[in-house]
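# Chain and residue survey
Spelled out from the first residue to the last, the chains are:
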Number of protein chains: 2
Amino acid sequence: MIRIGILGYGNLGRGVECAVRQNDDMELTAVFTRRSPESVQILTKNTPVYSIQDILQHTQEIDVLIICGGSATDLPVQTPEYAKYFNVVDSFDTHASIPQHFENVDKAAKESGKIGMISVGWDPGMFSLNRVYANAILPDGKDYTFWGKGVSQGHSDAIRRVDGVIDARQYTIPVPASLEAVRNGSTPELSTREKHTRECYVVASEGADQSRIEKEIKEMPNYFADYDTTVHFISQEELDKHHSGIPHGGFVIRSGKTGWNGEHGHIIEYSLKLDSNPEFTASVLAAYARAAYRMNQEGMCGCKTVFDVAPAYLCRQSNEELRRQML
Amino acid sequence: MIRIGILGYGNLGRGVECAVRQNDDMELTAVFTRRSPESVQILTKNTPVYSIQDILQHTQEIDVLIICGGSATDLPVQTPEYAKYFNVVDSFDTHASIPQHFENVDKAAKESGKIGMISVGWDPGMFSLNRVYANAILPDGKDYTFWGKGVSQGHSDAIRRVDGVIDARQYTIPVPASLEAVRNGSTPELSTREKHTRECYVVASEGADQSRIEKEIKEMPNYFADYDTTVHFISQEELDKHHSGIPHGGFVIRSGKTGWNGEHGHIIEYSLKLDSNPEFTASVLAAYARAAYRMNQEGMCGCKTVFDVAPAYLCRQSNEELRRQML
């Protein structure tokens, strides 16, 4: 059994807890929290919740620590810190800061002889993998990534900061005609507006000026100004009833040419349709926790990304079983 | 530069030649053939064509030998034989015989200290990889593979063996309603007939009994009897004009559940739409030739499949570039 620890018990941590339960070669050994441990109720029976302050008392009980914090302030500190003591896996997703994060984790993990697996999830993660495979196969081609239909937490938060808004949910939606054009191999140049639309469900406070709110949302720079944005005003009840899920997904497509003169076109497409963004991310984290454990058992250490992990490490099955059943 | 040799110069060998040209870290060093070398005209200027009988004179000039023979009789002999002298890559696709082929190649490659990369292409190959990733992420789920729309060489050959048939082309087509049902997460149990239809374009000899030919095709066991099959009689000119390509493709879908009680559904879908089946397979072979070369440079040897290759080995770019550009 691979003994898993979870650091941070929000949506993602709870998702990891569920994923560990689905993998019969793993067990959840402990959850660590910054909150008071007594206040944290987890789903798994008989698994202890500890304060993060006591985490170093448990290094011998845990094979892989899955760090479920945020990318803005938690992971840049936590992942290098705990890579000194544990094999760790995180879902660091600030694309521009990945090289620096890699350096920091690599240094710590090489010193401790542990594996630090970073930026695991679906983007970065499975989407990145598919970009790499598709680029390796079709060097003469063009990449497209579409996100959605799905809830963007950051955009929903931005709407909530508008004066007179009580609650909001924002969906990012790929433009169907653009998706079709790419799939048909026409390799269009697409502007921001041509790739995605944004749909907002907004609960306004009583008496608030809805046209002013709509205008402020639609003109918000970076978040909405460059998109065709639709704003729907609904009640809190409707929001809670129809928009409480956290679905997401998207498409990674490479359109490329082969032949002596590029005479043949090819489309490689990878897509995800996810009812729960955090639970899917958590499921990817669990698979890579298995890989981190096995790679460390073989003597590897240092920072790794999904690009560095041979697929066989991810699977419960033996290499012989994989070749017989899946190749 | 990675120095590539090609063994066997049919559609696949020519595809590898084109793929090598698209990768600026590779060069085509030689083509080896069972035919008389003078009779083989290749596309690349100034690259020699040698008889297969002289291949062992060139072991020092070639980093990776890509073996482009057939799975029925060529590869089971050639891949273990040449793994004694070269890093080799093949596209062995007889799924049931992969374990035996692996054993044979592994023994030879371990003795020689070379890499023998087998079953590279799209199925086995990219489709297998996607099955492994999706199974690792969603252990509670169901796999579906659909092939097409595309030309099945084996089925086309079977039609040509019917009395009165001059030429034929058979397309395998996924049933759209079944594909939709799977995508919608309903995890149906699908019979052979419910997954694919078969469409046949047939050139009959003058005076041949077309209704007898149609009946013979539709009732052919294994090939057509279990499918809804359509037969169109056309002229040789029409066949040559509209059906001379070798397109193919397909879909690998995993539909799975997450959550404490499996309350959330997820769909992972990978699809290929290929104008040229052999050129795409050849492009995958070229990427894995790069991996074979690099892994051998790092001291690895033995038989490998796509499951054993970390994605970073496939790409022209450095690991730093991949993390910066693609993660």
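My aim in this report is to walk through the structure given alongside it, one point at a time.

Definitions and cut-offs
- Residues numbered from 1 in each chain as written.
- Chains lettered and ligands numbered in written order.
- Predicted model: local features only at pLDDT ≥ 70, side-chain atom pairs only at ≥ 80, totals over all residues.
- Heavy atoms only, no water.
- Helix = DSSP H or I, 4+ residues; strand = E, 2+ residues; numbered from the N terminus.
- Rg over C-alpha atoms; globule rule 2.2 N^0.38 Å.
- Buried < 20%, exposed > 50% of the residue type's maximum accessible area, 1.4 Å probe, protein only.
- Contact = heavy atoms within 4.5 Å.
- Areas by Shrake-Rupley, 256 points an atom, 1.4 Å probe, with all protein chains shown as cover.
- Lys, Arg positive; Asp, Glu negative; His and termini not counted.
- Charge placed at Lys NZ, Arg CZ, Asp CG, Glu CD.
- Phe/Tyr/Trp six-rings, centres within 6.5 Å; stacked < 30°, edge-to-face > 60°.
- Lys NZ or Arg CZ within 6 Å of the ring centre and 35° of its normal.
- Buried area = accessible area lost by both parts, 1.4 Å probe.
- Salt bridge = Lys/Arg side-chain N within 4 Å of Asp/Glu carboxyl O.
- Polar contact = N/O pair within 3.5 Å; in protein donor to acceptor, adjacent residues only side chain to side chain.
- Nonpolar A, V, L, I, M, F, W, Y, C, P; charged D, E, K, R; others polar.
- Pairing = 2+ DSSP bridges.

### A few points about the overall build of chain A
Scanning chain A for helices and strands turns up 11 helices and 14 strands. Expected size for 327 residues packed as a compact globule is a radius of gyration near 20 Å; at 22 Å, chain A falls within 12% of this value. Judged by the C-alpha coordinates and their principal axes, chain A covers about 65 × 60 × 35 Å. Out of the 327 residues in chain A, the part that is buried amounts to 57%. A separation of at least 24 residues holds for 68% of the contacts in chain A among residues at least 6 apart in sequence. Here chain A has roughly 13,500 Å² of accessible surface; of this, 45% comes from carbon and sulfur atoms. A gap of 3 Å separates the mean positions of the 33 positive and 43 negative side-chain charges of chain A.

### Things to note about the packing of aromatic side chains
Counted by the stated rule, this structure contains nine aromatic pairs over all chains. Ring geometry for Trp122(A) versus Phe127(A): centroids 5.2 Å apart, planes at 80°, classification edge-to-face. Positioned above the aromatic ring of Tyr171(B), the side-chain terminus of Lys149(B) is 4.9 Å from the ring centre. The ring of Tyr227(B) has Arg198(B) lying over it, and the distance from NZ or CZ to the ring centre is 4.1 Å.

### Concerning the interface of chain B and chain A
Often, the extent of an interface is quoted as the loss of accessible area on bringing the components together. Counting residues at the interface gives 70 residues for chain B, matched by 70 residues for chain A. Where chain B abuts chain A, roughly 6,200 Å² becomes buried across the two surfaces, and 63% of that area is made up of carbon and sulfur atoms. If you sort the residues of chain B by the area they bury against chain A, Trp260(B), Arg323(B) and Leu327(B) come out on top, with a joint share of 15%. Taken together, the links from chain B to chain A amount to zero salt bridges. Here chain B is connected to chain A by 27 residue pairs in polar contact (both at pLDDT 80 or more). Sorting the residues of the side of chain B that touches chain A by element identifies helix H1 (11–22), helix H3 (98–112), helix H4 (126–137), strand S12 (248–258), strand S13 (264–274), helix H10 (277–297) and helix H11 (319–325) of chain B as the ones contributing at least two each. The greatest single-element share of the side of chain B that touches chain A, amounting to 11 residues, is contributed by S13(B). Residues belonging to the side of chain B that touches chain A are distributed by class as follows: 35 nonpolar, 20 polar and 15 charged. Sheet analysis places strand S13 (residues 264–274) of chain A next to S13(B), joined by nine bridges and oriented antiparallel. The partner of Ser271(A) across the bridge, within S13(B), is Glu269(B).

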